[in-house]
Each structure stands twice: as structure tokens, then as C-alpha cells.
Amino acid sequence: MPDRAAGREEASGRARRVEKERVGAWVRAARREGRGPDAEETARKAEVARVLAHVVERAREVDEIGATLAFTFWGEEGALTPLGYRLERGGERAGRSAEVEGLERMLHPVFTEYVGRHTGEVVLTLRREEARWAVDYDATRQGPRPPEAKTLPLRTRGTTADSLRALHEAARKGLSAVQVPSRGAARVELAVRLEDGRPTGWELLEARYTHEGSGGAPRPLSPEVVGHTVQVLLPFTEGVGPRTVLLVLRAEHRPAEVEARGRVESVRVERPPSAFAPTPEQDWYHSMHEATLLRWREGVYEGSAWLAQKGVEEAALWFAVGIAGKGLGFFATKGLEWLPRALAREPEAAAGWLRTALKRLSQQEQKSFEQLWGKVALEGEQALSRGEREALRSLFVRLEQLVQQPLDGDLKKELRREARKYYAKLYPQLAEALDELGEELPVHHRRPLQYAHLFPAEDINAGENLAILRKFAHQEINLLWGRFRQARPNPTTDEVRRAAEIIDRHFEPWYHRVDNPPGSSKAAEGAREAALRELRSQFPGL
């Protein structure tokens, strides 16, 4: 048993390596496809230009001497992800006009030569002086990489109209409940939930009056406050994945004005402590998801079109981990037993299972699944129409049914071909032999394809279920399974499992070998007879 457990761990390690290579290829493709030779540098420059425009615009709004603006970023590989923003007011006296063009010239080398090429957290602080801004930055903070941080800079210099419109509408609705006392002031705290660049929720946490005013009907916030809030929040939509942004706004109502005015005082991303200990599953999904979003955000390829080019084979890890992360309960689908079990396993196992499971669908059904789940992942559940939700739910139910049905002959042939290709990736040192020897070196399924439906939550093409061996040894194993089928035409799951373990025990010396052990032909016959005796003791009638 210890050796068998070690073998399973080795197979899992090989599968993890293969999935890691897939992730790397996915990200490299995102960096390369649809971009010219200077794309990386172009993207870095665009990233800096967007951040600079945001910083300068916030500075343009402040004229109080002594006021400070603090911007916190995570920098990595030229990508800059906002983590926090804070405005601290100065005195009441306004200074002379500060030339923001001069501030931009001062900040540009800071971002291009340092912040933009730094990995880690950076705090940029601007302090308003009489007629200029003083600049300081601090990169001494040590901390783990935030889960929402980007690693791929965007080469777009602005925000799409659709994204801006969605955020503005969410802000308008979210701030519509805020009331400020007539001639009074209030401190407002809100939680904005984002997923990728989409606002998915807006909650008023607290609206506390800091000055009661003179009585009278409370005043709503002006449209200018909504617009300002959108502009401050906009950079925070460039993160990856789900997160909550906490926003504090101070508002006041002045005499003779119909509505209250105000400014955002602080913004910070809130995340649970567990978010700083990402699993390999989260890292892989983050990398693939960000790469897919890059195509979406830059518009080089429409997101679902790029996914269609990749296909299920390459996208399976992204699909599997994304589905598990959102939870199958997301679809309120009853009767799903095997899918949740399969997708709750290690990411490499879940991805392998999904690859083989989706092959049971027709090509049209596979295409529909890719398009619908890709839409959920890129645009959110709310982007699905009622009909699309029903179609996606039906595909999950159909998969649940299909994995419990025996494989047909054509699908067995396809899975054998896929198993051979996958085995070559798992054991690259044997790839050449697999190619040269062909049928003389078959890939053996320890639990036969004929019984895949008895193990619906397991990938029949998983590395731990595959082994190469010489043809003569494989023929001996096939003879044993032929006897088993005759004696047990409708076996149980446990019977197949026990039979496979017995056969493995006697033929493991031939597994994962290209050469023939000394006297192997005769020894294989002896192994067959010994295995047959043990099988007969377990299964009378053989």
C-alpha cells in the first residue's frame, strides 16, 4: 500500500506539471496573440499613462494647502493595480494655482523608471504646497501579493463606454439612498462589490451625520458627487476576480444650494485573511483568467472568440476551477451528485475529468457549453438571458447523466488517442518510444474504458489510471479482463476496483517500461496464471 500511495502521488505530481505548462502556454499566448513585437513596452506605457491621468486628475481637484493624497499600488511586470486611495484635508486656505502639467512631468519618471518596474506595494504621496505639489513614494512595505493584482499590463489608455456606463449606473443607484441634513454634513461609508471590472453589488454601510444643520428636508447628493465617485473608483475596476472595495465619502449641504456636494475621502480593497495564502488552484485560475480578461479588455479578440480558438482541451482548467469556485448551487440545479464531487477535487484532477466528460457531449453541445460558461466567467451571471441560464443548467444535468452511461465505441477510440497523447506529456522521456513503437507499446487503462461509467466522478484518462507496457503483456491482461467480463457481465464498482487491483499487483513490473524484463514473455504468462488464480478466489465462476 505505501508503494501504491507513492505511485498515486507521483501521478498527481506529473499531472500538476502538465497543467502548469498549459497555464504558462495560455498566458504566453495572451501576451503574444494579436500584438506586435513591441506590444509589451506599449502596454507598459499605456498602463503608466492611465495611472498618471488618474493621479493628476485627483490632484487637480485639491487646492487646500497642506492637503495630502496617498495612492497605493501593487506593481508587477509593468502592471499597476490600485489598492488604496486617501485624501487628507489641509487648512481652509487655498493656495495659488498649482501647475498639474509640472506634476505630471515630475511623476512620469517615478512611474516609468521605478514604480512601473517594481514588484510589490508602493505608496505614492502628494502634498499640496503653496503653488506646487511635493512628491514622495515608499516601497518599503513588505507583504504578500494581493489576489486581485494584475501581472499583465493593458495597452488600452481608457475605459470602454460600456464599463463606464455600468459603473455610473451602479453608483447612481447606490448613492441615491444617501441623504445629507439641510445645511449639515455627513460621513458615508459604502461597500462596492466588484468581480473583475464589473460592479456586482453596492451596499450603504453607514451614513452618519457629522453636523446636524438647521433642520428642514434632507438633501440628496448632486450628480457631480456621483461622477466624482465613479472617477475615483474607476481604476479599482482593473483588478482580477471578486473583491469588495470600501469607500468613505464626506458630503455637506450649503445654503442656497438644492443638492449636497461631496468628495471621496478614502478607498481601500477589503479581503479576508485567507486571501493571502493562495492555493495552486487559485494561482492557476488567476493566471488563466487574467490572460482571458486581457483579450476581453483590450479588444484584440472578443473574449469568447479567443476562448473558441483555445477549445475545451486548453480551457478545461479555467472552466473546472471557475465552476467549482462559483459553486454548482449557483445554478440551483437539483440532482447533481457526481459533477460537484469531480469538480471539488484538486485542480489538475478536476480539469482532467472535465476534459473527458465534455467529450461525451455532441460538438454543438460542447460549443454551447464553452460559450455560455465563458459568458458567465467574463461578463457575470447577470449577462445570461433566462433562456441561456436554462440552457447552461440543462448542459450540467446532461453531463451528470452521460458520465453514468457506458462509452460507445467511437468515444473509446477517441479517449484512447487522447490517453496516448496525454501519457506522452506525463512521461516526456518515453514520448519518442511511444511514437516509434506504435502498437507494440500500447497505453493500458488499469480500470478499462468499458467500466468508465462505474466511476463517474473520476477521469478515466487520469495519469494514475494509465500505464504503457509491451504488447504481449497487454494481451495477457486483456485475456484476464475477458474472463472477468464473462463471469461478471454486470459488475459492481467495487468488483471492478478489486479486479483492477489484483491485475495491477501481478503486472506492475511491466508498467511504464519500454524494455522487456529478462524472460518477460514467459514471466507474463506466469503473472497471468497467478492473477487468474487470485481472481477466481475473489470471483467464483472465472
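So, how was this worked out
Residues numbered from 1 in each chain as written. Predicted model: local features only at pLDDT ≥ 70, side-chain atom pairs only at ≥ 80, totals over all residues. Heavy atoms only, no water. Helix = DSSP H or I, 4+ residues; strand = E, 2+ residues; numbered from the N terminus. Rg over C-alpha atoms; globule rule 2.2 N^0.38 Å. Buried < 20%, exposed > 50% of the residue type's maximum accessible area, 1.4 Å probe, protein only. Contact = heavy atoms within 4.5 Å. Areas by Shrake-Rupley, 256 points an atom, 1.4 Å probe, with all protein chains shown as cover. Lys, Arg positive; Asp, Glu negative; His and termini not counted. Salt bridge = Lys/Arg side-chain N within 4 Å of Asp/Glu carboxyl O. Pairing = 2+ DSSP bridges. Axes fitted to C-alpha atoms, helices over the stretch in contact; angles between N-to-C directions. Expected span 1.5 Å × (residues − 1). Phe/Tyr/Trp six-rings, centres within 6.5 Å; stacked < 30°, edge-to-face > 60°. Lys NZ or Arg CZ within 6 Å of the ring centre and 35° of its normal. Core = buried A, V, L, I, M, F, W, Y, C linked by side-chain atoms within 4.5 Å. Polar contact = N/O pair within 3.5 Å; in protein donor to acceptor, adjacent residues only side chain to side chain.

1. Some words on the overall build of the protein chain
No. 1: When you go through the protein chain residue by residue, the secondary structure sums to 16 helices and 12 strands.
No. 2: For the protein chain, the C-alpha radius of gyration of 30 Å lies well beyond 24 Å, the compact-globule estimate for 542 residues.
No. 3: In terms of overall dimensions, the protein chain has a C-alpha envelope of 100 × 50 × 40 Å along the principal axes.
No. 4: Going through the 542 residues of the protein chain one by one, you find that 51% of them count as buried.
No. 5: In the protein chain, once contacts between residues fewer than 6 apart in sequence are set aside, the share between residues at least 24 apart is 75%.
No. 6: When the accessible surface of the protein chain is totalled, it reaches about 25300 Å², and 49% of it is carbon and sulfur.

2. Let's talk about the side chain of Lys412
No. 1: Here Lys412 shows up in helix H12 (residues 409-426).
No. 2: Asp408 is the oppositely charged side chain nearest to the buried, salt-bridge-free Lys412, at an N-O distance of 8.2 Å.
No. 3: With residues up to four places along the chain from it excluded, the contact list for Lys412 reads Leu407, Leu449 and Gln450.

3. Quick word on the sheet that holds strand S6 (residues 185-195)
No. 1: Taken in spatial order, the 8 strands make up an open sheet running S4-S3-S1-S2-S10-S9-S6-S7, and their pairing is antiparallel. Edge positions in the sheet fall to strand S4 (133-138) and strand S7 (198-211), since each of these pairs with one other strand and no more. Ignoring which end each strand starts from, the neighbouring axes of this sheet average 20 degrees apart.
No. 2: Each of S6 and S7 touches helix H4 (residues 161-175); the most contacted strand, S7, lies at about 35 degrees to it.
No. 3: Strands in contact with helix H5 (residues 223-233) are strand S2 (79-88), S6, S7, strand S9 (242-252) and strand S10 (261-270); relative to S10, the strand with the most contacts, it is inclined by about 25 degrees.

4. Some points on the pairing of strand S1 (residues 68-76)
No. 1: Within S1, 8 of the 9 residues are buried, leaving the element largely enclosed by the surrounding structure.
No. 2: Relative to strand S3 (residues 120-128), S1 is paired through 8 bridges, and the arrangement is antiparallel. By the bridge assignment, Gly75 is partnered in S3 with Gly120.

5. What about helix H11 (residues 386-402)?
No. 1: Here H11 spans 24 Å end to end across 17 residues, near enough to the 24 Å set by a 1.5 Å rise per residue.
No. 2: Within H11, burial applies to Arg389, Leu392, Arg393, Leu395, Phe396, Leu399, Glu400 and Leu402.

6. Section: the packing of aromatic side chains
No. 1: Under the criterion given, the structure shown has 12 aromatic pairs.
No. 2: Measuring from centroid to centroid gives 6.5 Å for Trp373 and Phe396, while their planes differ by 80 degrees, and the two rings are edge-to-face. Here Trp373, found in helix H10 (residues 363-379), pairs with Phe396, found in helix H11; they are 23 residues apart in sequence, far enough to count as distant.
No. 3: For Phe396, a relative accessible area of 2% translates into the label buried.
No. 4: Members of the aromatic cluster, connected to one another through ring pairs, are Trp318, Phe319, Phe369, Trp373 and Phe396.
No. 5: Directly above the aromatic system of Phe455 lies the positively charged group of Arg447, at a separation of 4.5 Å from the ring centroid.

7. Quick notes on the environment of Gln179
No. 1: Structurally, Gln179 can be placed in strand S5 (residues 179-180).
No. 2: With 259 residues separating them in the primary sequence, Gln179 and Gly438 have C-alpha atoms 76 Å apart.
No. 3: Apart from residues lying up to four places away in sequence, Gln179 is in contact with Tyr209, Pro218, Arg219 and Pro220.

8. Overview of the nonpolar core
No. 1: Core analysis: the largest hydrophobic core is formed by 51 residues, its most contacted members being Val55, Leu69, Tyr85, Phe111, Leu126 and Val267.
No. 2: Judged by nonpolar contacts, the second largest core, of 50 residues, contains Tyr285, Trp306, Leu317 and Leu392.

9. Quick notes on the side chain of Arg470
No. 1: Tracing the backbone through its elements, the reader meets Arg470 in the loop between strand S12 (466-468) and helix H14 (471-487).
No. 2: There is no salt bridge for the buried Arg470, and the closest opposite charge comes from Glu440, which lies 4.7 Å off by N-O distance.
No. 3: A distance of 2.8 Å separates the side chain of Arg470 from the backbone oxygen of Val514, its partner in a polar contact.
No. 4: In this structure Arg470 touches Leu437, Glu440, Leu441, Pro442, Val514, Asp515 and Asn516, once residues within four positions along its chain are discounted.

10. Details of unusual backbone geometry
No. 1: Backbone geometry places Glu77, a non-glycine residue, at a positive phi of 55 degrees.
No. 2: Tracing the backbone shows Glu77 in the loop between S1 and S2.
No. 3: Positive phi is not limited to glycine here, since His512 has a value of about 60 degrees.
No. 4: Topologically, His512 is positioned in the loop between helix H15 (493-507) and helix H16 (520-538).

11. Here's the deal with the environment of Thr140
No. 1: Along the polypeptide, Thr140 turns up in the loop between S4 and H4.
No. 2: The class of Thr140 is exposed, set by a relative accessible area of 60%.
No. 3: Along the backbone, Thr140 and Gly120 are 20 residues apart, and their C-alpha atoms lie at a distance of 9.0 Å.
No. 4: At 2.6 Å, the side chain of Thr140 forms a polar contact with the side chain of Asp138.

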